[in-house]
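Each chain, written out:
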Amino acid sequence: MDKILSIIVFLPALGALLLTFVPKARKDDLRSIGFFWTLLIFLVSLYLPLKFVSNAEFQFEEQYSWVDSIASADDAGAPSYHLGLDGISLFLVLLTTFITPIALLGAWKYIGERVKEFLIAMLVLETGMLGALLALDFILFYVFWEVMLIPMYLIIGMWGGPRKVYAALKFFLFTLAGSVLMFLAIIYLCSTVGTYDFALMREMVGAGEPFFLGPHFQTARMFIFFAFVLSFAIKVPLFPLHTWLPDAHVEAPTPGSVILAAVLLKLGTYGLLRFAIPLFPLEVREYGIIVAALAVIGIIYGALMSLAQTDMKKLVAYSSVSHLGYVVLGLFALGIYTGASNDIEGTVSAIALSGSMYIMLGHGLSTGALFLLVGMLYERKHTRLMSDYGGIAKLMPRFTAIFVIVTLSSIGLPGTNGFIGEFLVLLGTFQANRWLAAFASIGVILGAVYMLRLVQKVFFGPLKQETSHGLTDVSPRELATLFPILALIVIMGVAPQPFLSRMEPALERVANDLKRSGNAKVNAEEAVKPGATGDLILNAQAHIAPSPAED
């Protein structure tokens, strides 16, 4: 299907436009249109895995001239509308289209005021997320990155809890600070290299030219690398840049928390994997230990903070800081490699990268489900404090069973989706640096402690008389919301290979490029020759798109 990526990206925006013609008073009609439109987007997105070929190349590519007036001197690298999909972005796109209708269905009655505006914000947010996952041009990526910011700010600030304005403003300022860093890095990098196209830059690095800014730009490369890392680390969020997340989660409405946990946070780890790591392999090797150490600190810190919480939603929020620390640790496994064998290091990186990707997907499902479940309890009792519950398994047996399954997924029980990712990350990290792996494994133990403590306090023990009022078991709508997630939790746990086989070629390419960079030599004279960068761009273009004669 031609232009399938553009169709998927802009279908949510089209839905938002259609909703503007529906009267505000028809709330149920607005909810139905919003839900079925997002469900349609998910069904359309299923075309991607059906036609996807398991290799390391970008597929379904679309590229059109966009801003020729700011082309480089040789006209080789003007910003363009460039979309593409590979094994790294495939399942994150599917996660986005899958979780959005579930978030809307799970909180059908949660949003009672300004329903029309809320649904429009959610659809615009979905377009921003999908566009950021598919953009291969730096300026286009930045545009979609900023598109995500405003709808989420409004969702928290207009439909959130008592401290919604504070939480929304904090989220906005943190994310905006990261965006400014990213924008400055993009402008310097692209204007120096001579292209705004990520695919071209990747070809340059993959061809053994990781020093494409020249040997005299080593300091500049370091600053650009850290600008990207800081920008994406804020979105993850990586310790100590995490402080906006608990406030945003606690104050956001349930659908906002679900989207924030399941997808938006993954845009940070996706940015690291897509841009920062492939384009700066030498900096990953040199400074990766710093990022990995912060990830391990975040794993333990997030787990300890979760253990100290009395608010269920805040507990799940801090658990995200811990779980996503494993993702970042896996991404930078090669940066902490202490072995002497070059034959092993590529394997180390590939294993850890696969684990990081799998945690991204698994965390999106399990944590999204936890926020849905906590939101359903809140709708019944209007409290999230664990002390206000107790023994409710007697009143809500089906709900309790679902909560326990999702909890086991979150703590990484074998047979669930949570186990595969954490196992691969810890295995890859152990081969790279045993001490960091040992400290990171503490988070696994603490994760079991705080999640099982949550289950015990809320669902088991003696039933409090004051707790029982108003509590009903899971409704058919809630069951329909949760069942697809439960099914995927089990499928991903017992049959991971269909997922791993599609993402591994793209991840192995990143790992191989990182390995190859370790033996790269700098030829100072060639790197600073006039036109050397332009020659690299033309060579990369020839590699990506063969000439008509070759066709």
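Residues numbered from 1 in each chain as written. Predicted model: local features only at pLDDT ≥ 70, side-chain atom pairs only at ≥ 80, totals over all residues. Heavy atoms only, no water.

*Asks:* Would you mind going over unusual backbone geometry in detail, with residue names and values included?
*Replies:* For the peptide bond that leads from Val236 to Pro237, omega is -5°, which places it in the cis range. Looking at where Pro237 falls in the secondary structure, it is placed in the loop between helix H9 (218-235) and helix H10 (244-251). Geometrically, the link from Phe239 to Pro240 is a cis peptide bond, its omega value of 5° lying close to zero. Residue position: Pro240 is located in the loop between H9 and H10. Of note in the backbone geometry, Phe60 takes a positive phi value of approximately 55° without being a glycine. If you trace the backbone, Phe60 turns up in strand S1 (residues 59-65). Not every positive phi belongs to a glycine, and His382 is a case in point at roughly 55°. With respect to the secondary-structure elements, His382 resides in the loop between helix H14 (342-381) and helix H15 (397-410). Assessed through its relative accessible area of 57%, His382 is described here as exposed. (Helix = DSSP H or I, 4+ residues; strand = E, 2+ residues; numbered from the N terminus. Buried < 20%, exposed > 50% of the residue type's maximum accessible area, 1.4 Å probe, protein only.)

*Asks:* So what's going on with the nonpolar core? Which residues, and what values?
*Replies:* Counting 185 residues, the largest nonpolar core has Phe138 and Phe228 as the members making the most contacts within it. Among residues more than four places away in sequence, those in contact with Phe138 are Ile186, Leu189, Cys190, Tyr196, Phe198, Met201, Phe228, Phe275 and Leu279. (Core = buried A, V, L, I, M, F, W, Y, C linked by side-chain atoms within 4.5 Å. Contact = heavy atoms within 4.5 Å.)

*Asks:* Outline the confidence of the model for the protein chain, supporting the account with residue identities and numerical values.
*Replies:* Here the protein chain averages 84 in pLDDT, while 86% of its residues score no lower than 70. Considering only residues more than four positions removed or in separate chains, one finds that residues 536-540, a stretch of pLDDT under 50, has 13 contacts. Counting contacts from residues 546-551, a segment whose pLDDT is below 50, to residues more than four positions away or on other chains yields one contact. (pLDDT = per-residue confidence, 0-100.)

*Asks:* Tell me about the environment of Tyr153, and please be specific about residues and values.
*Replies:* Counting through the fold element by element, Tyr153 comes out in helix H6 (residues 138-159). Counting along the chain gives 32 residues from Tyr153 to Ala121, while the straight-line C-alpha distance between them is 9.6 Å.

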